[in-house]
Amino acid sequence: MTAREKAFIHESAYVDDGATIGAGTKIWHFCHIMPGAVVGERCSLGQNVVVMNGTRIGDNCKIQNNVSIYEGVELEDDVFCGPSMVFTNVINPRSHVSRKNEYRRTLVRRGSSIGANATVVCGVTLGEYSFIGAGAVVTHDVQAYALMVGVPARRIGWMCQCGERLPDSGEGQCLACGTKYECAGDGIRRAR
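The sections below set out a description of the structure shown in this document. (Residues numbered from 1 in each chain as written. Predicted model: local features only at pLDDT ≥ 70, side-chain atom pairs only at ≥ 80, totals over all residues. Heavy atoms only, no water.)

This brings us to the overall build of the protein chain. What the protein chain contains, in helices and strands, is zero helices and 25 strands. For 192 residues, the compact-globule estimate of 2.2 N^0.38 gives 16 Å, and the C-alpha radius of gyration of the protein chain, at 17 Å, lies within 12% of that figure. Considered along the principal axes of its C-alpha atoms, the protein chain spans approximately 50 × 45 × 25 Å. Counted over contacts in the protein chain with a minimum sequence separation of 6, partners at least 24 positions apart contribute 15%. For the protein chain, the computed accessible surface area is about 9800 Å², with 47% contributed by carbon and sulfur atoms. A gap of 3 Å separates the mean positions of the 20 positive and 19 negative side-chain charges of the protein chain. (Helix = DSSP H or I, 4+ residues; strand = E, 2+ residues; numbered from the N terminus. Rg over C-alpha atoms; globule rule 2.2 N^0.38 Å. Contact = heavy atoms within 4.5 Å. Areas by Shrake-Rupley, 256 points an atom, 1.4 Å probe, with all protein chains shown as cover. Lys, Arg positive; Asp, Glu negative; His and termini not counted. Charge placed at Lys NZ, Arg CZ, Asp CG, Glu CD.)

Have a look at this one:
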């Protein structure tokens, strides 16, 4: 039995030949996974999710309803995409000008969460375990563990990898899970 055969694909979903689907993944109503797309193991894709060719989705990702993962976007493991959040892949789109050779890469690092209705403008990297608030518009790279809100998004704090807010300095111990953090240059990292 292949990994694709070990996945759940709802009867209303389209998974084109040439798409790779990992074992344990669930693809729900009205999704479309295009040829050349790679979806990892144990992922969950809600209703109306589109995954374009040339995209990579890591293991254990949760993609909520009405999200399109465009060519040039890569999600590492354990990424959460909230309902109706938006990725872009061209900076200056025009319907009458073809810009397929101008797609910009967007990388969402391991453990990041992107809130409902947030927009991630192409060409950025979201650092590990970053947390993008609902409705935020990300226009530049985001540091690991950063809590980003607003339009344009700005850092207002730091988040633990368990999803709880850290003390404002980012240094110290998470009150929820006990993980320790320390300053690292202009950001924070898990203490060793």
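From this point, things continue past the structure.
Our next topic: the pattern of salt bridges. Across all of its chains, the model carries eight salt bridges by this definition. A salt bridge links Asp-168 to Arg-165; its shortest N-O distance comes to 3.7 Å. According to the relative accessible area criterion, Asp-168 is exposed, its value standing at 59%. The salt bridge partner of Glu-182 is Arg-189, with a shortest N-O separation of 2.9 Å. On the basis of relative accessible area, Glu-182 is assigned to the partly exposed category, the value being 25%. The structure contains a network of salt bridges with shared partners spanning Asp-77, Asp-78 and Arg-110. (Salt bridge = Lys/Arg side-chain N within 4 Å of Asp/Glu carboxyl O. Buried < 20%, exposed > 50% of the residue type's maximum accessible area, 1.4 Å probe, protein only.)

Read from one edge of the open sheet, six strands run β3-β6-β9-β12-β15-β18, paired in parallel fashion. Here the strands that pair on one side only, and so sit at the sheet edges, are β3 (20-21) and β18 (125-126). Inspection of the sheet shows strand β6 (residues 38-39) paired to strand β9 (residues 56-57) by two bridges, in the parallel sense. Bridging across to β9, Val-38 finds its partner in Arg-56. (Pairing = 2+ DSSP bridges.)

Now for the side chain of Asn-89. The topology assignment puts Asn-89 in the loop between β14 (86-87) and β15 (106-108). Of the residues examined, Asn-89 reaches a relative accessible area of 13% and is grouped as buried. A polar side-chain atom of Asn-89 sits 3.4 Å from the main-chain carbonyl oxygen of Glu-71. Here Asn-89 is in contact with Tyr-70, Glu-71, Glu-102, Tyr-103, Arg-104 and Cys-122, once residues within four sequence places are set aside. (Polar contact = N/O pair within 3.5 Å; in protein donor to acceptor, adjacent residues only side chain to side chain.)

Grouped together as the largest cluster of nonpolar side chains are 46 residues, with contacts concentrated most on Ile-33, Leu-45, Leu-75, Phe-87 and Ile-114. For this core, the secondary structure elements donating two or more residues are β12 (73-75) and β21 (146-149). Apart from the residues lying within four places of it in its own chain, the contact partners of Ile-114 are Phe-80, Cys-81, Gly-82, Met-85, Phe-87, Val-108, Val-120, Leu-126 and Ile-132. (Core = buried A, V, L, I, M, F, W, Y, C linked by side-chain atoms within 4.5 Å.)

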